[in-house]
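Spelled out from the first residue to the last, the chains are:
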Amino acid sequence: MFKNALIYRITQWAQPSLAEIEDRLAAARFAECGATQIESAGFVEPRGDKHGALAESIAGHILLKLCTETKAVPGSVVKQRLEAQLEKIQADTGRKPKGKQAKEIKEGIVHELLPRAFPKRATTWVWVDPAAQRVVVDAGSLKKADKVTSTLVELLGGGLTLTLLQTEASPATAMAEWLASKEAPAGFTVDRECELKQPDSEKSTVRYARHTLDIDEVGEHIKQGKLPTQLAMTWDGRVSFVLTESMTLKKLKLLDVVLEDNERSRGGSDGGFDTDVALITGELGRLIPDLVDALGGELQRNALPGTPAAAPAPAAAPSADTSTPPWEEPALATS
């Protein structure tokens, strides 16, 4: 269900009823791109049932599914047609269009070709956990996740305010410490994939794939100033993932022990959607707090008047970098 996870903190939300959330999402139900439309986005049924609910609540966890459809015209085709039209205009008038006029001609060509372009669809899972004051987006980049959360803030109402979850120690600093010391944080193991990058203009990069990282060579790279941007890890022998410098969890995978336990608990019958939701929210619901603890606890922000405070974070480890991470993003809030 979730292949990636970007985590946001709910700093304020007067949560509407599920029925009200459903009504709000219905106004943004997915519709296919029109003939000359480049992109269309909207919510679809998480269970896949036609005309079903757009917001599913399982044991207090709200699951949403955003669908995006895009159409693109091959750039080579546009360029070929544009050059042909510009040459024809030059032959007819003695003047070749440039600047704004050429741009308008190009836009006209794209508009003309769009009805014949093949659409491409992608879906993004969203998990809203009101009890833990978290929103988790199945996105591998901040740009994509921020686009989704901006839509949520606009639609869900209740004065929803979201901030990207930040920790006292930046992931890059913590990952460097784990690799240099050859010691993973409690409850985690370091796996066999890593990327190290020099934080300068050259951005020299070293990548390890299917390679043990418990070697002196990795520590030498870190001593030379390279910082980890990605590190493969496993939590509690149950979930594997790749942690990035931006606090994104990529390549999420439930391991066999989790799937076998789940199969035994449901007696071999197909538990369907509810079972899948319980499984992923149960595992990630324990992984996320443990990862935050391993990164020194959650970065505390100055609470606004009337804003519910997040749960206190554990004290940071002495080696934690307590400066504000450079990747901190501004809060998203309803107007």
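Residues numbered from 1 in each chain as written. Predicted model: local features only at pLDDT ≥ 70, side-chain atom pairs only at ≥ 80, totals over all residues. Heavy atoms only, no water.

Undergrad: Any chance you could break down the overall build of the protein for me, citing the residues and the numbers?
TA: Each helix and strand in the protein was counted, giving 8 helices and 13 strands. Taking all 335 residues of the protein together, the buried fraction comes to 43%. Across the protein, the fraction of contacts at a sequence separation of at least 24, relative to all contacts at a separation of at least 6, is 69%. Carbon and sulfur atoms form 51% of the exposed surface of the protein, whose accessible area is close to 17600 Å². (Helix = DSSP H or I, 4+ residues; strand = E, 2+ residues; numbered from the N terminus. Buried < 20%, exposed > 50% of the residue type's maximum accessible area, 1.4 Å probe, protein only. Contact = heavy atoms within 4.5 Å. Areas by Shrake-Rupley, 256 points an atom, 1.4 Å probe, with all protein chains shown as cover.)

Undergrad: For the pairing of strand 6 (residues 134-137), give the residues involved together with the corresponding values.
TA: Judged by which residues are buried, strand 6 turns out to be covered on both faces: R134 and V136 on one side and V135 and V137 on the other are all buried. Here strand 1 (residues 6-12) pairs with strand 6 via 4 bridges, running antiparallel. By the bridge assignment, R9 is partnered in strand 6 with R134. As defined by bridge partners, strand 5 (residues 119-129) adjoins strand 6 across 4 bridges and the pair is classed as antiparallel. Paired with V126 across the bridge in strand 6 is V137. Linking two consecutive strands that pair antiparallel, namely strand 5 and strand 6, is a turn of 4 residues; a positive phi of about 55° is found at Q133 within it. (Pairing = 2+ DSSP bridges.)

Undergrad: I'd love a proper account of the pairing of strand 8 (residues 188-197), names of residues and values included.
TA: Pairing between strand 8 and strand 10 (residues 227-235): 7 bridges, direction antiparallel. Among the inter-strand pairings, C194 is bridged to a residue of strand 10, identified as L231. Across 5 bridges, the pairing between strand 8 and strand 9 (residues 205-209) is antiparallel. Residue pairing across strands places E195 opposite R207, the latter belonging to strand 9.

Undergrad: Describe the packing of aromatic side chains, and please don't skip the residues or the numbers.
TA: For any pair of aromatic rings, the description rests on two quantities: the centre-to-centre distance and the angle between the ring planes. Under the criterion given, the structure shown has 2 aromatic pairs. With a centroid separation of 6.3 Å and an interplanar angle of 85°, the aromatic rings of F188 and F241 are classed as edge-to-face. You can see F188 sitting in strand 8 and its partner F241 sitting in strand 11 (residues 239-244), a full 53 residues away along the chain. Given the relative accessible area of 6%, F188 is considered buried. Judged by its relative accessible area of 2%, F241 is buried. (Phe/Tyr/Trp six-rings, centres within 6.5 Å; stacked < 30°, edge-to-face > 60°.)

Undergrad: Go over the environment of S40 with me, naming the residues and quoting the values.
TA: In this structure, S40 sits in strand 2 (residues 39-44). Each C-alpha atom of the pair S40 and C67 lies 8.3 Å from the other, and the pair is 27 residues apart in sequence. Among residues more than four places away in sequence, those in contact with S40 are F30, A31, E32, C33, C67, T68 and E69. From its side chain, S40 meets the backbone oxygen of A31 in a polar contact 2.5 Å long. (Polar contact = N/O pair within 3.5 Å; in protein donor to acceptor, adjacent residues only side chain to side chain.)

Undergrad: Residue-level account of the nonpolar core, with values.
TA: One broad rule of soluble globular proteins: the nonpolar side chains tend to lie buried together. Counting 43 residues, the largest nonpolar core has F241 and L243 as its most contacted members. The element that contributes the greatest number of residues to this core is helix 8 (residues 272-294), accounting for 9 residues. With near-sequence residues (within four places) excluded, F241 lies in contact with F188, L231, A232, M233, W235, L249, K250, K251, L252 and L287. Of all hydrophobic cores here, the second largest spans 28 residues; its members include F43, A139, V148 and L156. (Core = buried A, V, L, I, M, F, W, Y, C linked by side-chain atoms within 4.5 Å.)

Undergrad: Would you mind going over the sheet that holds strand 11 in detail, with residue names and values included?
TA: One open sheet accounts for 5 strands, arranged 9-8-10-11-12; its pairing is antiparallel. The sheet terminates laterally at strand 9 and strand 12 (249-254), the two strands that pair on one side only. Shown here is a sheet whose adjacent strand axes are inclined to one another by a mean of 15°, direction ignored. By the bridge criterion, 4 bridges tie strand 11 to strand 12 in an arrangement that is antiparallel. Along strand 12, the bridge assignment pairs L243 with L249. (Axes fitted to C-alpha atoms, helices over the stretch in contact; angles between N-to-C directions.)

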